[in-house]
Amino acid sequence: MTAAPGLAVALEGYGWHPDAWRHTADTRPVADGEYWTALGATAERGLLDFVTIDDSLSPQRRRRPEIEPRWLAGRPDAVMLAAHIAPPTRHLGLIPVAVATYTDPSRLAKAFAGLDDISRGRAGWQVRISSSRHEAELFGRVPEEDPFGGAADSVGAVRKMCGDQLVVTALAHNPHVYEFASRSADLVFITPRGDESLATILAEVAAAGGGHLQVYADLYVTFGGVVDERSDAEVFSGTPAELAAKICHWHQRGVAGVRLRPAVNATDLPVIADEVVPALQRVSAFRTRYRAGETLCQRLGLERIS
């Protein structure tokens, strides 16, 4: 392991709490490009490796056909948001979610090639796989018998059309997805709950053939007490210094980095950038500046075979 842990942030709507819209002071619509530009600027101020931008085929993060009235409904296209953030930023890696299932690989390749071009090599793709009936019905289809195989084929085609620089990532909760990530991704996001869970998941990733993968552990973060006990990721509600210590601890336990999920973007992301990162710099070799002209692939230390 290197001395410094990687650090990223997952962006979702107004934040990862289902009622984040009730807690935010930012009144701009979630589809407002300037809202996302401001988030990107804050993340870059914090010298983060990258941000991911969540998306799905469903209008809500819960990915069900029914609309939950308490949750934000409607999701801007993540690739378009990343393209909007790219020009005013210079260093921040940009990894939007895009669904591989039912999407023409040539369209995905054009979108990510364009994003990589305007960001000057800072683009990545978080692959999402659809296996639900209601999402298949949006396309007049039935669920694929082997959605992981189909997604692997799509990733292979997109890589071939885009070239080897595109960083491919996946969020994984079980061995089936670890196997997909080991075949198709460069980096996998995992959701441990404590040290024992982390050790178990890392062993499962390795057993699935993912020993070569960069592994980032997800962590739901709130500095204002906006806790979501339903989160699939472990919930953190301590101080910035305590969070920096936890990031270093998980890094020492075997992950390449940590991806933070702010409960409320408007309040938690500035704390991450302005308080957590300085605390992390004090206790680790986390960067104090970006390297000029560095691509996302280079930042993550990913080797490419032509």
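What you see is a predicted model; the values in this text were computed from it and never measured.

Thresholds, definitions, all that
- Residues numbered from 1 in each chain as written.
- Predicted model: local features only at pLDDT ≥ 70, side-chain atom pairs only at ≥ 80, totals over all residues.
- Heavy atoms only, no water.
- Buried < 20%, exposed > 50% of the residue type's maximum accessible area, 1.4 Å probe, protein only.
- 1 Å grid on protein atoms, 1.4 Å probe; cavity = no way out; pocket = protein on both sides within 12 Å on 5 of 7 lines; lining within 4 Å.
- Points joined across faces, edges and corners; volume = space filled by probe spheres on them.
- Nonpolar A, V, L, I, M, F, W, Y, C, P; charged D, E, K, R; others polar.
- Helix = DSSP H or I, 4+ residues; strand = E, 2+ residues; numbered from the N terminus.
- Pairing = 2+ DSSP bridges.
- Core = buried A, V, L, I, M, F, W, Y, C linked by side-chain atoms within 4.5 Å.
- Contact = heavy atoms within 4.5 Å.
- Expected span 1.5 Å × (residues − 1).
- Arc of directions from axis to C-beta.
- Phe/Tyr/Trp six-rings, centres within 6.5 Å; stacked < 30°, edge-to-face > 60°.
- Lys NZ or Arg CZ within 6 Å of the ring centre and 35° of its normal.

Novice: Requested: an account of unusual backbone geometry, with residues and values cited.
Specialist: Phi at Y102 takes a positive value of approximately 70 degrees, unusual for a residue other than glycine. The buried category is assigned to Y102, whose relative accessible area is 13%. One non-glycine residue, R120, lies in the positive phi region at around 60 degrees.

Novice: How would you summarise empty space enclosed by the protein if you had to cite specific residues and measurements?
Specialist: Taken as a whole and judged by the stated rule, the model has one cavity of 30 Å³ or more. Put simply, the largest cavity is a space of about 210 Å³. Here the lining of the largest cavity is composed, by residue class, of 12 nonpolar, five polar and four charged.

Novice: An account of the pairing of strand 1 (residues 6-11) is needed here, citing residue identities and associated values.
Specialist: Most of strand 1 is tucked away, with six of its six residues classed as buried. Burial of the side chains of strand 1 extends over both faces: G6, A8 and A10 are buried on one face and L7, V9 and L11 on the other. Examined bridge by bridge, strand 1 and strand 9 (residues 257-262) share four bridges and lie parallel to one another. Opposite G6, over in strand 9, you have G257 as the bridge partner. As defined by bridge partners, strand 1 adjoins strand 2 (residues 50-53) across four bridges and the pair is classed as parallel. In the strand pairing of strand 2, A8 is matched with F50.

Novice: So what's going on with the nonpolar core? Which residues, and what values?
Specialist: Counting residues in each nonpolar core, the largest one holds 80 residues, and the members touching the most others are W36, W125, I190 and L260. No other element matches helix 10 (residues 265-283), which puts six residues into this core. Once you skip the residues sitting within four places of it in the chain, I190 turns out to touch A172, Y178, L198, I201, L202, V205, V215, Y216, A217, D218 and V255. In terms of nonpolar packing, the next biggest core, distinct from the first, is built from 12 residues, F50, V167, Y216 and L302 among them.

Novice: Please give an account of the layout of surface pockets that cites residues and values.
Specialist: Volume-wise, the largest pocket comes out at about 720 Å³. R63, R128, L171, H173 and D232 are the residues nearest the centre of the largest pocket, which is lined by 28 residues in total. Of all the secondary structure elements, the ones that give two or more residues to the lining of the largest pocket are strand 4 (124-128), helix 6 (147-162), strand 5 (167-171) and helix 7 (175-184). It is strand 4 that provides the largest number of residues to the lining of the largest pocket, a total of three residues. Here the residues of the lining of the largest pocket are counted per class, giving 12 nonpolar, six polar and 10 charged.

Novice: I'd like a rundown of the environment of S184, residues and numbers included.
Specialist: One can find S184 in helix 7. Looking at S184, the relative accessible area reads 7%, which means it is buried. Apart from residues no more than four positions distant in its own chain, S184 is found in contact with A152, V155, R159 and V168.

Novice: Would you mind going over helix 8 (residues 195-207) in detail, with residue names and values included?
Specialist: Under the 1.5 Å per step criterion, the end-to-end length of helix 8 is 18 Å for 13 residues, consistent within 8% with the ideal 18 Å. Along helix 8, the positions that sit buried rather than exposed are L198, I201, L202 and V205. Each buried residue of helix 8 lies within a common arc of 100 degrees when the element is viewed along its axis, so the set occupies one face. When the buried face of helix 8 is taken as reference, the exposed residues oriented beyond 90 degrees from it are E196 and A207. Those residues of helix 8 that are buried are in contact with helix 7, strand 6 (187-190), strand 7 (214-221) and helix 9 (240-252). Trailing helix 8 by a residue or two, G209 shows a phi angle of about 90 degrees, which is positive.

Novice: Describe in detail the packing of aromatic side chains, supporting the description with residues and values.
Specialist: Within this structure, the stated rule accounts for eight aromatic pairs. Ring geometry for F50 and Y216: centres 5.4 Å apart, planes at 40 degrees, overall tilted. One end of the pair, F50, is in strand 2; the other, Y216, is in strand 7, with 166 residues separating them in the sequence. Classification of F50 as buried rests on a relative accessible area of 0%. Overall, Y216 belongs to the buried group, its relative accessible area being 2%. Joined through ring pairs, the aromatic side chains of Y14, Y35 and W36 make up one cluster. The ring of W16 carries R261 above its face, with NZ or CZ at 4.8 Å from the centroid. Here the basic side chain of R287 rests over the ring of F286, its NZ or CZ set 5.1 Å away from the ring centre.

What is shown is where atoms sit, not what they do.
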